[in-house]
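# Survey of secondary and tertiary structure
Letter by letter, the chains look like this.
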Amino acid sequence: LKQENLKNNKKKIVSESDVEFNILSIQKKHAEEIQLIRLLINYGSITNILVNNTSISIAEFIIRELQKDSKYLNLDFSFELFNQIFQDMIDRINHNQTFSVDDFINHDNEQFRLVSSALIGETHLLGSWSEKDIVVVQEQDILYKVTKESILRFKLKRIQSRIQYLLIKLKQEESDEIIREFSQLSKVEKKIQQNLGRIV
């Protein structure tokens, strides 16, 4: 019996370290994805922010912003597990369910639990904002700025990736359609860079 428990514990330790390793490797290449998932899990539907004088949850704001541009741009996460977590949150919101960190730490899906545990321990989520020249009145104010910046960085990474792809395509064949998309995305990229400059 003891040996069986040891095997189970070993399996658990391996799976936890695998997720931690994945989180660290994703952090290096896709920090913007980690930040969005961290915001969703930590603040999700229980924390509201003011957007255009309307109070909505962090999750609703992120989902709305990503879905808005998903028609012309692939806004999936690189890590499939993040897509599943994101979809889980969409489903909960569509069914008017609230959720918190505890729901993901105690989730039926073991991988959700492991990722959530790895991400909730991060304390520097809002910390860097205190170092910026911003007068902080409420946590809501910081959350809005952090969330907006995170969404923009997420979109920017995908736009830049698409622009690189279009540049390669243009070398192979010149088409009006590719040139038009390249031009539009270049304008969007510039606008996002300007917005990020204003936030930071």
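The notes below deal with the structure included here.

Topologically, Arg-92 is positioned in helix H4 (residues 80-94). Looking at Arg-92, the relative accessible area reads 15%, which means it is buried. Aside from chain neighbours lying at most four places away, what touches Arg-92 is Gln-97, Phe-99, Asp-103, Phe-104 and His-107.

Turning our eyes to something else, we now look at the side chain of Lys-155. Tracing the chain through its elements places Lys-155 in helix H7 (residues 139-172). Residue Lys-155 is classed as buried on the basis of its relative accessible area of 7%. Aside from chain neighbours lying at most four places away, what touches Lys-155 is Glu-65, Leu-66, Lys-68, Asp-69, Leu-73, Leu-75 and Ile-192.

Before going further, it helps to spend a moment on the packing of H4 against helix H6 (residues 110-120). As a packed pair, H4 and H6 sit with axes 11 Å apart at the nearest point and diverge in direction by 95°. By the angle between their axes, H4 is roughly perpendicular relative to H6. Residues Leu-81, Phe-82, Gln-84, Ile-85 and Asp-88 of H4 form the contact with H6, whose participating residues are Gln-111, Phe-112 and Val-115. Residue composition of the contact of H4 with H6, by class: five nonpolar, two polar and one charged.

So, about the environment of Val-146. Tracing the backbone shows Val-146 in helix H7. Taking the C-alpha atoms as reference, Val-146 lies 9.6 Å from Leu-36; in sequence the two are 110 residues apart.

Buried together is how nonpolar side chains tend to be arranged in soluble globular proteins. If you look at the biggest cluster of nonpolar residues, it comprises 47 residues, and the most contacted ones within it are Leu-36, Leu-39, Ile-62, Leu-66 and Phe-86. In terms of residues, this core owes the most to one element, H7, which gives 11 residues. In contact with Leu-36, other than residues within four places in its own chain, are Ile-62, Leu-66, Phe-77, Ser-150, Ile-151 and Phe-154.

Rules of the game
- Residues numbered from 1 in each chain as written.
- Predicted model: local features only at pLDDT ≥ 70, side-chain atom pairs only at ≥ 80, totals over all residues.
- Heavy atoms only, no water.
- Helix = DSSP H or I, 4+ residues; strand = E, 2+ residues; numbered from the N terminus.
- Buried < 20%, exposed > 50% of the residue type's maximum accessible area, 1.4 Å probe, protein only.
- Contact = heavy atoms within 4.5 Å.
- Axes fitted to C-alpha atoms, helices over the stretch in contact; angles between N-to-C directions.
- Parallel < 35°, antiparallel > 145°, perpendicular 65-115°, else oblique.
- Nonpolar A, V, L, I, M, F, W, Y, C, P; charged D, E, K, R; others polar.
- Core = buried A, V, L, I, M, F, W, Y, C linked by side-chain atoms within 4.5 Å.

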